[in-house]
Structures are given as structure tokens and as C-alpha cells.
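# Structural description and commentary
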Amino acid sequence: MNRTIEASTRSARGKNESRRLRAAGRIPANLLDRGNSTPIEIDDREFEKLIAGGLRSSSKFKLKLNGAEQEVLAKEIHRHPVSGRIFHVDFYKVNPGHKFRVAIAVELTGSAKGVKAGGALEHYIRQLKVVTVPEKIIEKIEVDITDLGVGEAVHLSQLNLPSEWETRLTGDPVVCRVAQSRMTLKAASDGKEG
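Residues numbered from 1 in each chain as written. Predicted model: local features only at pLDDT ≥ 70, side-chain atom pairs only at ≥ 80, totals over all residues. Heavy atoms only, no water.

By the naming in an unreviewed UniProt entry, the protein goes by Large ribosomal subunit protein bL25 and is assigned to Leptonema illini DSM 21528. The record in UniProt for the protein states the following under Function (unreviewed entry): "This is one of the proteins that binds to the 5S RNA in the ribosome where it forms part of the central protuberance." (UniProt positions renumbered as here; feature names shortened; annotations may be inferred.)

Below, the structure is given as C-alpha cells:
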């Protein structure tokens, strides 16, 4: 998949200008670089294709601005609350060695044996906010839950996270667990009665 998107700078700002851009199939955006913000615009169809291809807030890709390519992240994507159309995007320029905050998706893989036994899967941490350098970003954290039984949980300390990551979470929170459902509780009580 081509992970490059064309952008151009915009001189005019304000609500009227943003409406005009959106009507023309463009998305108003900002390129953030170490405290500086450059107003830019991108093609909405091109950007929607990137999102459809699996773009996340932790995905690095190329932004070609006025002919010069730079590596960026789509830090914030704002959508219209009713139509769902992309309203505005904040891109963050990737500067090697320069720490910044990013949200990494936490995805569960496999089918938990506890769910097959009638338990209910509960997924608490779906995104992990970390402070790190761009070189240590990964697009997602995959947690294999295949061996997770009823009453068992996966804690943050069990994830294989890069040592360079700083998280704002305290203690050792539960990422996901297989809780007992009414069905498993009933089966357990039926077993005791017998």
C-alpha cells in the first residue's frame, strides 16, 4: 500500500475557509513540529484510503508537502459528529530521538479457552498512551488470549513492551480478563450440588 499523501500549505484560515475547502473535497489540517504549527490541506479521498488501509494514530507514513517528503503520524483525526466525515487532522512530524506522546492500540488475538467454556471476555485497556522516541513506535500491541481461562486476566506487566516506553499508568492494571458468566456460575454450582 502506498503510504504517502500529498499536502499543500494554506494561507487562509477560519471557519469560512474550512467550509470552502471541505466543499472542494479537501481537509484542513495542521502539521505540528516541535511546538510550531503549519496550516496545510489534504485530499479527503486520499486520506480516507489511508484510513481504510489500516492507518492508526501510531502509523508512520510520508507527507509530501510542497514537493518535500517528511515522515509523520496522524496524531488526531476529528470527524463531524453527525455525518462522520473527516473535519480536521493534526499531523505530527517525526523527529528522530525527540520524545512525544502517542496512543498505541491494544488488540486481542486468538480465542480464549475460558470464553469457549462459557466465560465472558472483558477488554479494559484498548489503547495505551506512551511517551517514546519515534524509533520505538509500534503500530499495535497484540495480546494472545488463547490460553486465558475463566477467572484469569492479563496484566500490563505481562505485555512485552519496549523498555524505552514511559506509561502514565500506575500499579499493574488489568488489560483483559475472562469473567465468570451466569452460565459458568450455574455450571459450577450444579457441579457442587452433585
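Now that the structure is up, let's keep going.
Each assigned domain of the protein is listed with its residue range as follows: domain 1 (4-94) and domain 2 (102-190). The gap between the C-alpha centroids of domain 1 and domain 2 is 32 Å. At the interface, eight residues of domain 1 touch twelve residues of domain 2. With both chains or domains summed, domain 1 and domain 2 bury close to 710 Å², and 48% of this area falls on carbon and sulfur atoms. Taken as a group, Arg56, Ser58 and Lys60 account for 62% of the area that domain 1 buries against domain 2, more than any other trio of residues on that side. As a salt-bridge pair, Glu107 and Arg56 come within 2.8 Å of each other at their nearest N and O atoms. Here domain 1 and domain 2 share four residue pairs in polar contact (both at pLDDT 80 or more) between them. (Domains from an automatic or database assignment. Contact = heavy atoms within 4.5 Å. Buried area = accessible area lost by both parts, 1.4 Å probe. Salt bridge = Lys/Arg side-chain N within 4 Å of Asp/Glu carboxyl O. Polar contact = N/O pair within 3.5 Å; in protein donor to acceptor, adjacent residues only side chain to side chain.)

Another point: the sheet that holds strand β13 (residues 174-179). Taken together, three strands build an open sheet; the order of strands is β8-β13-β11 and the sheet is antiparallel. The strands lining the two open edges of the sheet, one partner per strand, are β8 (120-123) and β11 (153-155). Strand-to-strand twist in this sheet, taken as the mean axis angle between neighbours without regard to direction, amounts to 10°. Relative to β13, β8 runs antiparallel, the two sharing four bridges. What sits directly across from Ala120, in β13, is Ala179. (Pairing = 2+ DSSP bridges. Helix = DSSP H or I, 4+ residues; strand = E, 2+ residues; numbered from the N terminus. Axes fitted to C-alpha atoms, helices over the stretch in contact; angles between N-to-C directions.)

Here the focus is the packing of aromatic side chains. Counted according to the given criterion, the structure contains three aromatic pairs. A ring pair is formed by Phe47 and Phe91, whose centres lie 5.8 Å apart and whose planes are at 85°; its orientation type is edge-to-face. On the criterion of sequence distance, the pair formed by Phe47 in helix α2 (residues 44-52) and Phe91 in strand β6 (residues 86-93) is long-range, its members being 44 residues apart. Residue class for Phe91 comes out buried when judged on its relative accessible area of 0%. Within the aromatic cluster, the residues linked to one another by ring pairs are Phe47, Phe61 and Phe91. Seen from the ring of Phe87, Arg22 lies directly overhead, with NZ or CZ sitting 4.0 Å from the centre. (Phe/Tyr/Trp six-rings, centres within 6.5 Å; stacked < 30°, edge-to-face > 60°. Buried < 20%, exposed > 50% of the residue type's maximum accessible area, 1.4 Å probe, protein only. Lys NZ or Arg CZ within 6 Å of the ring centre and 35° of its normal.)

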